[in-house]
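So the chains spell out like this:
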Protein chains: 2
Amino acid sequence: MTKALIIGGGGMLGQGLAKALAAKGALAGSALSGVTLFDIAESAIPSGLPGASALTGDLSRPDAACRLIADRPDVIFHLAAIVSGEAERDFDKGYRINLDGTRYLFDAIREENARSGYCPRVVFTSSLAVFGTPLPDVIGDDQVLTPMSSYGAQKAMGELLLADYSRRGFMDGIGIRLPTICIRPGKPNAAASGFFSNILREPLAGEPAVLPVSRDVRHWFASPRAAVGFLAHAAEVDTGAIGGRRNITMPGISVTVAEQIDALREIAGEDAVALIKEKPDAAIEAIISTWPKAFDAQRALALGFVPDRSMQDLISVYLEDHAPEAVRARWQR
Amino acid sequence: MTKALIIGGGGMLGQGLAKALAAKGALAGSALSGVTLFDIAESAIPSGLPGASALTGDLSRPDAACRLIADRPDVIFHLAAIVSGEAERDFDKGYRINLDGTRYLFDAIREENARSGYCPRVVFTSSLAVFGTPLPDVIGDDQVLTPMSSYGAQKAMGELLLADYSRRGFMDGIGIRLPTICIRPGKPNAAASGFFSNILREPLAGEPAVLPVSRDVRHWFASPRAAVGFLAHAAEVDTGAIGGRRNITMPGISVTVAEQIDALREIAGEDAVALIKEKPDAAIEAIISTWPKAFDAQRALALGFVPDRSMQDLISVYLEDHAPEAVRARWQR
């Protein structure tokens, strides 16, 4: 019987993972006996999740992690983070949650390891933000980490902690660097990366969207479904095959904005494409120009992580998993 | 007028730096008006050091750094660390000093920055221990950091903090990854790297030394004098030329044990070489096999960091700067 803990269980990926676990009913080769969703606010519990409970708390308080580890979950997904923009605006909060919170969690595991030999699988979500310019067009698995944001620095430090605590035998960690999620469900947001989803999601709903960069901008994506698949696979993969380098860039698809728009046209036609308004924004263009364009994610592929197949898939996943019913009914084939 | 603070002022490099500053009398283009040596025990103060004082304290206590920063030193050398072997034996102590201590220092600077715009040059000593296998024979400036010790992980995290705090404008930091110091003065020690110095220093004094690895082992070295030169140059180099990548591998010389022994023979003859006893130690050989052999330290050279010229230089520096008088008199030409 496997007990799982999802820290950040209320977020998009946490909820997607919880639904996937409810559907699977098992993890790491045995039936799920309990799943705890932990977040700052109470997480929704998807139907059919075995032994589910929702806990609230603040991971940046040292006692929060101890309370979670007292239950000795077999698999811990650590998805909680202050996102990039907020970590840049609020320096203290970013370090408090993203670095201290992660370390409190790992230390609570280490203390239980010292008491009882407890050694859970820990799946940590890292980010492409650990990379910084100059970057090659296609980034290999041995790219040096030079974050250009506090968020990226905090994630890179989390990766180092995860590798060291795993090397010491306190836990069995794996860090996965997720591609940018597309199509992100919900409302348009003001994040610099928001337009990558907005220009697809909004026109599918008959709404206008703004494209602030040129159509030859290229970036690296995964659908929410693929990302949830990475998390579940990371909980089950044989870490003996990983060696000391416990942090792995996930596979994705590398597409240009033009290719995004072509896929939208194919599924929703020229009228949908016409809803995209080009409004060049030099500030956003400058930010995006420093971001990765593509990876050669050989290690992840060799370990069995499965990427999306195409840009069309990214739209289909949105229609199947996330779109409002009216939008789904209109376009689904 | 420049005020300098040396954290770890009592150690080999701190003392060497203090002597060099006493001889220079100036730093970063203006006369030295005060130099504070901080360490866990009281540091010796070399003669002629302007406005010198020695303070004691524990950097892993949050208030220690605040006290040091209250004086607003223009240049801060952060050399204090729990060394590799001890950080591996005492996990908590290593993280407390090497990670928390570094962060307390940087946060004390950040707080003074917020109050007054204070923005000192901070020179942080990092280590080759940030690198881990597999490594190429010659390591470039873009090698990925994959530490294989807690000490290496802590130094890599210190590098990330330094880069982020500098990018945010809280301080003007530069991290320098020092080569292995050779010849390390003093007594033989049991560190895995100790033999690289022991097999030279001890025979020069007419004492036997043990060589636990084969003669074709290759490694990367700097003399204490070159390392002190790196520190002083790092205090003065134009960080505008460095860009976002604030952590730099220092130049050194790549020599084999056989080449070390050849240099010893050249200076001290066959009788000295005969004092080296080969006692293969599989455990030490295994540790050393994971260490860097050579670097192509282009960035450091372009920034004006000056390495030693030869293995013979490393022996000469020892005789001139560190050897007991009788040893110096016997071999110096």
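It should be emphasised that the depicted structure is a prediction, and the values quoted were computed from it without experimental measurement.

Caption draft 1: Spotlight on the interface of chain B and chain A. Every contact between the two is made by 32 residues of chain B and, on the other side, 32 residues of chain A. Taken together, the two surfaces of chain B and chain A that pack against each other cover about 2,600 Å², and 52% of this comes from carbon and sulfur. Considering only the side of chain B, the residues that lose the most area to chain A are F91, L160 and R245 of chain B, jointly responsible for 24% of the buried surface there. Along the contact surface separating chain B from chain A lie eight salt bridges. Residue E88 of chain A is joined to R168 of chain B by a salt bridge in which the shortest nitrogen-to-oxygen separation is 3.4 Å. Counting across the chain B and chain A interface gives 21 residue pairs in polar contact (both at pLDDT 80 or more). Elements that contribute at least two residues to the side of chain B that touches chain A include exactly α3 (84-89), α4 (91-116) and α5 (150-167) of chain B. For the side of chain B that touches chain A, the leading source of residues is α5 of chain B, giving nine residues. Taken together, the residues that form the side of chain B that touches chain A break down as 15 nonpolar, six polar and 11 charged.

Caption draft 2: Spatial organisation of the sheet that holds strand β8 (residues 180-181) of chain B. Read from one edge to the other, the open sheet built from three strands follows the order β8-β10-β12 (chain B), with strand pairing classed as mixed. Here the strands that pair on one side only, and so sit at the sheet edges, are β8 and β12 (253-256) of chain B.

Caption draft 3: Inspection of the domain arrangement of chain A at higher detail. Residue and element names in this part refer to chain A. Structurally, chain A comprises domain 1 (2-179 + 223-249) and domain 2 (193-220 + 252-293 + 309-332). Computed from C-alpha atoms alone, the centre-to-centre distance between domain 1 and domain 2 is 28 Å. The interface is formed by nine residues belonging to domain 1 together with 12 residues belonging to domain 2. Across the domain 1/domain 2 interface, buried area totals approximately 980 Å², and carbon plus sulfur atoms make up 68% of it. Here D321 ties to R225 by a salt bridge, and the two come within 2.9 Å at their closest N and O atoms. If you look at where domain 1 meets domain 2, you find two residue pairs in polar contact (both at pLDDT 80 or more). Tallied by class, residues from the side of domain 1 that touches domain 2 come to five nonpolar, two polar and two charged.

Caption draft 4: Highlighting the side chain of S126 of chain A. All names here are of chain A. Of note, S126 is situated in strand β6 (residues 121-127). Note on S126: relative accessible area 4%, which makes it buried. Those residues in contact with S126 that lie beyond four places of it in its chain are K155, E159, I176, R177 and L178.

Caption draft 5: The packing of helix α1 (residues 12-24) of chain A against helix α7 (residues 224-236) of chain A, seen in detail. Residue and element names in this part refer to chain A. Interhelical geometry of α1 versus α7 gives an angle of 65° and a closest axis separation of 9 Å. Our pair here, α1 against α7, has a crossing hand that is right-handed. Across the interface between the two elements, M12, L13, G16, L17, A20 and K24 of α1 pack against P224, A227, V228, L231, A232 and E236 of α7. Residues that form the contact of α1 with α7 fall into these classes: nine nonpolar, one polar and two charged.

Caption draft 6: Quick look at the pairing of strand β10 (residues 218-222) of chain A. All names here are of chain A. For β10, the tally of buried residues reaches four of five residues, placing the bulk of the element in the interior. When β10 meets strand β12 (residues 253-256), the two strands line up antiparallel, connected through four bridges. Note that in β12 the partner of R218 across the bridge is T256.

Caption draft 7: Looking closely at the sheet that holds β12 of chain A. All names here are of chain A. Strand order in the open sheet formed by three strands is β8-β10-β12, and the pairing between neighbours is mixed. Strands with a single pairing partner mark the edges of an open sheet, and in this sheet they are β8 (180-181) and β12. Here two bridges tie β8 to β10, and the two strands are oriented parallel to one another. Bridging from a neighbouring strand, T180 pairs with F221 of β10. Set on the sheet, helix α8 (residues 257-273) makes contact with β10 and β12; between it and β12 the angle comes to about 90°.

Caption draft 8: The arrangement of the packing of helix α2 (residues 62-69) of chain B against α4 of chain B in detail. Residue and element names in this part refer to chain B. Contact geometry of α2 with α4 gives a least axis separation of 8 Å together with a crossing angle of 45°. Classed by the angle they form, the pair α2 and α4 counts as oblique. For the pair α2 and α4, the crossing hand works out as right-handed. Here P62, A65, C66 and I69 of α2 lie close against α4, whose contacting residues are Y104, L105, A108, I109 and E112. Along the lines of polarity and charge, the residues of the contact of α2 with α4 split into eight nonpolar, no polar and one charged.

Caption draft 9: Broad picture of the pattern of salt bridges. Enumeration according to the criterion identifies 48 salt bridges over all chains in this entry. For E88 of chain A, the salt bridge goes to R167 of chain B, with nearest N and O atoms at 2.8 Å. On the criterion of chain membership, the pair formed by E88 of chain A in helix α3 (residues 84-89) and R167 of chain B in helix α5 is interchain, its members lying in two chains. Its relative accessible area of 27% is what places E88 of chain A among the partly exposed residues.

Caption draft 10: Representation of α7 of chain A within the structure. The end-to-end C-alpha distance of α7 of chain A, which contains 13 residues, comes to 19 Å, matching closely the 18 Å that a straight helix rising 1.5 Å per residue would cover. When we look at burial in α7 of chain A, the residues that qualify are P224, A226, A227, V228, F230, L231, A232, A234 and A235 of chain A.

Caption draft 11: Broad picture of the relation of the copies chain B and chain A. Structural alignment of chain B on chain A gives an RMSD of 0.0 Å, achieved by rotating through 180° and translating 0.0 Å along the axis. The relationship between the two copies is best expressed as a two-fold rotation axis. The position closest to the rotation axis in chain B is occupied by the C-alpha of V144 of chain B, lying 2.0 Å away. Interface overlap between copies is the fraction of interface residues in one copy that are interface residues in the other; for chain B against chain A it reaches 100%, indicating a shared surface.

Thresholds applied
Residues numbered from 1 in each chain as written. Chains lettered and ligands numbered in written order. Predicted model: local features only at pLDDT ≥ 70, side-chain atom pairs only at ≥ 80, totals over all residues. Heavy atoms only, no water. Contact = heavy atoms within 4.5 Å. Buried area = accessible area lost by both parts, 1.4 Å probe. Salt bridge = Lys/Arg side-chain N within 4 Å of Asp/Glu carboxyl O. Polar contact = N/O pair within 3.5 Å; in protein donor to acceptor, adjacent residues only side chain to side chain. Helix = DSSP H or I, 4+ residues; strand = E, 2+ residues; numbered from the N terminus. Nonpolar A, V, L, I, M, F, W, Y, C, P; charged D, E, K, R; others polar. Pairing = 2+ DSSP bridges. Domains from an automatic or database assignment. Buried < 20%, exposed > 50% of the residue type's maximum accessible area, 1.4 Å probe, protein only. Axes fitted to C-alpha atoms, helices over the stretch in contact; angles between N-to-C directions. Left-handed = near helix turned anticlockwise from the far one by under 90°. Parallel < 35°, antiparallel > 145°, perpendicular 65-115°, else oblique. Expected span 1.5 Å × (residues − 1). Least-squares fit on C-alpha atoms with pLDDT ≥ 70 in both.

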